[in-house]
Amino acid sequence: MEKDIIILGIESSCDDTSAAVIKNGWLLSNVTSSQDVHRTYGGVVPELASRAHQQNIVPTVDTALKRAGVKPEQLTAIAFTRGPGLLGSLLVGVSFAKGLSVSLGIPLIDVNHLQGHIMAHFIDEEGKDNRHPDFPFLCLLVSGGNSQIVKVNSYRDMEILGQTIDDAAGETIDKCSKFMGLGYPGGPIIDKLARKGNPNVFAFNKPNVPGLNYSFSGLKTSLLYFLRDRMKENPNFIEENKEDLAASFEKTVVDVLMKKLAMAVKQTGINQVAVAGGVSANTKLREAFIERRNKNGWDVFIPPFSYTTDNAAMIAIAGYFKCMDKDFCSLDKPAYSRVTI
Ligand code: KG4
């Protein structure tokens, strides 16, 4: 009888401490401790994030193992996010994973956080439809720090076809929410307000860079100047128009993202298209994918909400595939803060 492959996944790249257990590709548990401490500062404070990770890591891993009904001695390997992310935050997860692997005498598997987001599409979960894309497929990877169109040739071979040359989509949404005084993180707030607004009331600059790359800094500046001018005429302008502002701004971001993605579909002839990363929780973006499915025949893959934000289930599944290939990592591999796919 084949031996079970049981992977513990650990994610600590930003402000969520997460641990998950996957057995033979099936998710047994996924536990995330979020950090509320950053809310007052309007953004993640790296030093506070690493301290919170230190407090959260032991109980989070412990809970994930207990919920999975798995004892540490039963684990086959430990997969962990090695980067990219905040270095101090990563160090907590990386050091913990290394220490546990030494004490249990089991291998380590390093996972690229961005590849993890894409691999979330391969998690099998009881009671879910568990439909996975076939290789090759395209993935729009949109998070706080990245906006990329990725051609996924296999779980280990991913090619960036286009990416932002300045701000990421999530970062732009967060910054614009801040300009409007709406709060942090901007994504869910803008999304909620936009549901009550009209997306066709205001028009903002749609940046257009050549090829499949994105640029969002012009949109940010356009919104900033627009608000400044309108506020001169009416100091209550934002308050009186926040729903329409959110809806119009959100529509601009989604239109920009989808335009380049449609170009990538055309250029590659690949019509299996997935979306991943924090911004994939956005209602309008998810609707745009469905619209493309209905109108253009795209075979679309939209992750469950629980896998849009940072989570260890995606790290564990990426680790599971690497484990099958015996693609392990040595103890001397350090965390890295920057690097793309
Ligand atoms: O992938 P993620 O959780 O973190 C990393 O960057 O790794 O992405 C966070 C980003 C933030 O910019 C947040 O505002 C955005 O995802 N986000 C959303 C929504 N939920 C989260 N953006 C738009 N609509 C949402 N519903």
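Quantities reported herein were computed from a predicted structural model and do not represent experimental measurements.

Student: Could you give an account of the overall build of the chain, naming the residues involved and the relevant values?
Tutor: Per the secondary structure count, the chain includes nine helices and ten strands. A compact globule built from 341 residues would reach a C-alpha radius of gyration of about 20 Å, and the chain, at 20 Å, matches this within 12%. For the chain, the spread of C-alpha atoms along the principal axes amounts to about 70 × 45 × 35 Å. Per-residue burial for the chain yields a buried fraction of 52% across its 341 residues. Within the chain, contacts between residues separated by at least 24 positions form 73% of all contacts whose residues are at least 6 apart in sequence. When the accessible surface of the chain is totalled, it reaches about 15,200 Å², and 51% of it is carbon and sulfur. A gap of 3 Å separates the mean positions of the 37 positive and 37 negative side-chain charges of the chain.

Student: I'd love a proper account of helix α8 (residues 283–296), names of residues and values included.
Tutor: Look at α8: 19 Å from first C-alpha to last across 14 residues, which is about the 20 Å you get at 1.5 Å a residue. If you check which residues of α8 are buried, you get Leu285, Arg286, Ala288 and Phe289. All buried residues of α8 fall inside an arc of 155° around its axis, so they share one side. In α8, those exposed residues whose orientation departs by more than 90 degrees from the buried face are Asn294 and Lys295. If you check the start of α8, you find a side-chain oxygen 3.1 Å away from the backbone N of lysine 284, and it comes from asparagine 282.

Student: Could you give me a rundown of the pairing of strand β9 (residues 272–276), with the residues and numbers involved?
Tutor: The buried fraction of β9 is high, at five of five residues. Side-chain alternation along β9 places Gln272, Ala274 and Ala276 on one buried face and Val273 and Val275 on a second face that is also buried. Looking at chain direction, strand β6 (residues 137–142) and β9 are connected through four bridges and run parallel. Note on β9: the bridge partner recorded for leucine 140 is valine 275. As defined by bridge partners, β9 adjoins strand β10 (residues 299–301) across three bridges and the pair is classed as parallel. Counterpart to glutamine 272 in the pairing with β10 is aspartate 299.

Student: Could you give me a rundown of the sheet that holds strand β1 (residues 6–11), with the residues and numbers involved?
Tutor: Spatially, five strands are ordered β3-β2-β1-β4-β5 in an open sheet, and the strand pairing comes out mixed. A single partner strand is all that each edge strand has here, and the edge strands are β3 (26–34) and β5 (108–112). Ignoring strand direction, the axes of neighbouring strands in this sheet form an average angle of 20°. Note that β1 and strand β4 (residues 77–83) share four bridges and pair parallel. Its bridge partner being in β4, isoleucine 10 is matched across the sheet by phenylalanine 80. Its contacts with the sheet place helix α1 (residues 46–68) against β1, β2 (16–23) and β3, and it is angled at close to 25° to β2. Each of β1, β4 and β5 touches helix α2 (residues 87–104); the most contacted strand, β4, lies at about 155° to it.

Student: Summarise the site of the ligand; cite the residues concerned and give the values.
Tutor: The local shell around the ligand holds 17 residues, among which Gly144, Asp174, Gly187, Asp191 and Gly278 are the closest. Side-chain polar atom of asparagine 282 to a nitrogen atom of the ligand: 3.1 Å apart, as the coordinates give it. Coverage of the ligand by the protein chains reaches 86% of its 550 Å² of free accessible surface. Per element, the largest residue contribution to the shell around the ligand is three residues, and it comes from helix α5 (residues 186–194). Per-class residue counts for the shell around the ligand are three nonpolar, eleven polar and three charged.

Parameters and conventions
Residues numbered from 1 in each chain as written. Predicted model: local features only at pLDDT ≥ 70, side-chain atom pairs only at ≥ 80, totals over all residues. Heavy atoms only, no water. Helix = DSSP H or I, 4+ residues; strand = E, 2+ residues; numbered from the N terminus. Rg over C-alpha atoms; globule rule 2.2 N^0.38 Å. Buried < 20%, exposed > 50% of the residue type's maximum accessible area, 1.4 Å probe, protein only. Contact = heavy atoms within 4.5 Å. Areas by Shrake-Rupley, 256 points an atom, 1.4 Å probe, with all protein chains shown as cover. Lys, Arg positive; Asp, Glu negative; His and termini not counted. Charge placed at Lys NZ, Arg CZ, Asp CG, Glu CD. Expected span 1.5 Å × (residues − 1). Arc of directions from axis to C-beta. Polar contact = N/O pair within 3.5 Å; in protein donor to acceptor, adjacent residues only side chain to side chain. Pairing = 2+ DSSP bridges. Axes fitted to C-alpha atoms, helices over the stretch in contact; angles between N-to-C directions. Near = heavy atom within 4 Å. Nonpolar A, V, L, I, M, F, W, Y, C, P; charged D, E, K, R; others polar.

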